[in-house]
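For reference, the chains in residue letters:
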Amino acid sequence: MGFDPLPYAVPLFVLLIAAELLWAKRTGRMAAYETRDTAVSLGLGLGSVVAGALAAPAVLAIMAHIYSLTPLRIGWAWWAWPLCFLADDLAYYWQHRAGHRVRWFWASHVNHHSSQHYNLSTALRQTWTGFLAITFVFRLPLVAVGFAPELVLACAGLNLVYQFWIHTEAVGRLPRWFEAVFNTPSHHRVHHATNPRYLDRNFAGTFIVWDRLFGTFEPERDDEQVRYGIVHQLGGFNILKAAFHEWLAIGRDLVRAPWKAKAGYLLREPGWSHDGSRETSAMIRRRHGIEDAQ
Amino acid sequence: MSGPLPLALALLAVLALVALAHWLGFSRAAKLSGPDHATALAQSLPGGFSPVDLAISRDGGGALLRDASGQVAIIAPVGAHFVVRLPANRFYARPAGKGLIEVRGEDFAALLDLGEEGARWLAILSGASPAGQ
């Protein structure tokens, strides 16, 4: 396998989390961290590395097969790197948006959002079931147009590394030009919020321009305190429940639902129900008088 | 991160960070600031929730709320935060000492110190819980 930036970034991750812990203590922000929550987040991060390593050969083989079928070759010229990173970030935007709008993908992504805290350890709260959810399909078009699979995976890794530092309350707002182009702590706090106004907004990985372009951007407001987590918050710190609870919920719904509604519980948005007994993000937003721009 | 040694190092780093968080005091219990806090939490329930009656545990560690239709919501602590649950999420409630009510559900638990209000709320909960008291 090609260049994987993640192992090089891990020591920096550890140092920055330790620094943020000390900052939170020093500034009296004792709600910034919770020990068991941190343990679950870091445990999920460690598990995701194992799950990713197990799935990597299969993902790479599928990508290599697609690459062998296309006559297009972009190669490894220097300009292929920024071009691939940009294209990968666009693919990530749609993967991430699907991860919030399609329950099948949400089941894999929800654990990243299930902490009621927002700190650098939350960034490492990554999925164990990405391969099961086949989220890598969003990257296949990049290979089909001629980017080498190893290059695509390296760019995906760099994108993930970029997203680490934006999971913090320690950084307020950055210069306007930076906030206009890049995903920032401010933009991503909105993404992790359960406030109705903020639900399903700011799906960007590195470049916030995709949200501005596709109508999903919402700026952070000074007059509204952000509440983090998911609509139905987890009731404990069981790491297995954090990793698999939405898959189990899908299973229960599939068993109970009438036949014609079963596909909806897989492919409709989270919160959808055939009898209207639950609420989707759009329904919550409407209940609070917020128009859905999508 | 390939190979057992880097993974073992990452595990050590995780344990060190968790120990640091604990040592710095990030293991505190959740505490409701008052009725407004409890009401705001309950309003996050699907469909909303407008309480007409509520009781907050004397230590701020949870609350019980009832709306005009008689539906009861439970606010239970999870670390430094709370979860809100309705009886549809099966639970049971039982007395746990003078004024104390223990409420347990599929994924939450709360020990509420309601003082003189305890008996009244226990009766309300007995009627609200599908799992029985």
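What you are looking at is a predicted structure, and each value in this text was computed from that prediction instead of being measured.

How each quantity is defined
Residues numbered from 1 in each chain as written. Chains lettered and ligands numbered in written order. Predicted model: local features only at pLDDT ≥ 70, side-chain atom pairs only at ≥ 80, totals over all residues. Helix = DSSP H or I, 4+ residues; strand = E, 2+ residues; numbered from the N terminus. Rg over C-alpha atoms; globule rule 2.2 N^0.38 Å. Buried ≥ 20, exposed ≤ 12 C-beta atoms within 10 Å, placed from the backbone. Contact = placed C-beta atoms within 7 Å. Core = buried A, V, L, I, M, F, W, Y, C linked by C-beta atoms within 7 Å. UniProt positions renumbered as here; feature names shortened; annotations may be inferred. pLDDT = per-residue confidence, 0-100. Pairing = 2+ DSSP bridges. Axes fitted to C-alpha atoms, helices over the stretch in contact; angles between N-to-C directions. Parallel < 35°, antiparallel > 145°, perpendicular 65-115°, else oblique. Left-handed = near helix turned anticlockwise from the far one by under 90°. Nonpolar A, V, L, I, M, F, W, Y, C, P; charged D, E, K, R; others polar.

Another point: the overall build of chain B. Helices and strands together make up the secondary structure of chain B, namely three helices and seven strands. Start at the N end of chain B and walk to the C end: the helices and strands fall as α-α-β-β-β-β-β-β-β-α. For 133 residues, the compact-globule estimate of 2.2 N^0.38 gives 14 Å, and chain B exceeds it by more than 25% at 19 Å. Each of the three principal axes of chain B carries a C-alpha extent, and together these read 60 × 25 × 25 Å. A buried classification covers 35% of the 133 residues belonging to chain B. Long-range contacts, defined here as pairs at least 24 residues apart, represent 45% of the contacts in chain B between residues at least 6 apart.

When helices and strands are tallied, chain A shows 13 helices and zero strands. Of the regular secondary structure in chain A, the N- to C-terminal order runs α-α-α-α-α-α-α-α-α-α-α-α-α. Relative to the globule expectation of 19 Å for 294 residues, the C-alpha radius of gyration of chain A, 19 Å, shows essentially globular dimensions. Counting over 294 residues, chain A shows a buried share of 44%.

What follows deals with the nonpolar core. Within the largest apolar cluster, 28 residues are counted, with the highest numbers of intra-cluster contacts made by Leu64, Ile74, Ile75, Ala76 and Val103 of chain B. Here this core gets six residues from one element, more than from any other, and that element is strand 3 (residues 72–78) of chain B. Counting 27 residues, the second-largest nonpolar core is a separate cluster that includes Cys84, Tyr92, Ala154 and Trp210 of chain A.

A few words on the UniProt feature "domain: Fatty acid hydroxylase" (unreviewed entry) in chain A. In this structure's numbering, the residues bearing the UniProt feature "domain: Fatty acid hydroxylase" (unreviewed entry) are residues 82–216 of chain A. What you have in residues 82–216 of chain A is 53% helix and 0% strand, and the ends, taken at the C-alpha atoms, are 24 Å apart.

Let us now look at unusual backbone geometry. Residue and element names in this part refer to chain A. For aspartate 200, which is not a glycine, the phi torsion comes out positive at approximately 55 degrees. Here aspartate 200 is to be found in the loop between helix 9 (185–191) and helix 10 (209–214). Judged by the 20 C-beta atoms lying within 10 Å of it, aspartate 200 falls in the buried class. A positive phi angle, near 55 degrees, is found at asparagine 202, a position not held by glycine.

Further remarks concern the confidence of the model for chain B. Residue and element names in this part refer to chain B. In the predicted model, chain B carries a mean pLDDT of 88, and the fraction of residues at 70 or more is 91%. Confidence, expressed as mean pLDDT per element, reaches its minimum in chain B at strand 5 (residues 91–95) with 85 and its maximum at strand 1 (residues 51–56) with 96. Both confidence scores are given for the complex: pTM 0.93, ipTM 0.93.

So, on to the sheet that holds strand 7 (residues 109–113) of chain B. Two modes of strand pairing occur in sheets, parallel and antiparallel, and in both the strands are linked by backbone hydrogen bonds. Residue and element names in this part refer to chain B. Spatially, the three strands line up as an open sheet ordered 5-6-7, and their pairing is antiparallel. Edge positions in the sheet fall to strand 5 and strand 7, since each has one partner strand and no second. Shown here is a sheet whose adjacent strand axes are inclined to one another by a mean of 15 degrees, direction ignored. Looking at chain direction, strand 6 (residues 100–105) and strand 7 are connected through five bridges and run antiparallel.

It is worth spelling out the sheet that holds strand 1 of chain B at this point. Residue and element names in this part refer to chain B. Reading across the sheet, the four strands line up as 1-2-3-4 and stay open at both edges, with antiparallel pairing between neighbours. The sheet is open, and its two borders are formed by strand 1 and strand 4 (81–85), each paired with just one other strand. Between one strand and the next, the sheet's axes are offset by a mean angle of 20 degrees, whatever the strand orientation. The sheet strands contacting helix 2 (residues 35–42) are strand 1, strand 2 (63–67), strand 3 and strand 4, and the helix crosses strand 1 at an angle near 120 degrees.

Let us look at the packing of helix 3 (residues 80–101) of chain A against helix 7 (residues 149–164) of chain A. All names here are of chain A. Where helix 3 contacts helix 7, the axes come no closer than 9 Å and their chain directions differ by 65 degrees. Comparing their axes, helix 7 and helix 3 come out roughly perpendicular. The two elements helix 3 and helix 7 meet at a crossing, and its hand is right-handed. In this structure, helix 3 contributes Ala80, Cys84, Phe85, Asp88, Asp89 and Tyr92 to the contact, and helix 7 contributes Leu151, Val152, Cys155, Ala156, Leu158 and Asn159. Its residues assigned to classes, the contact of helix 3 with helix 7 comprises nine nonpolar, one polar and two charged.

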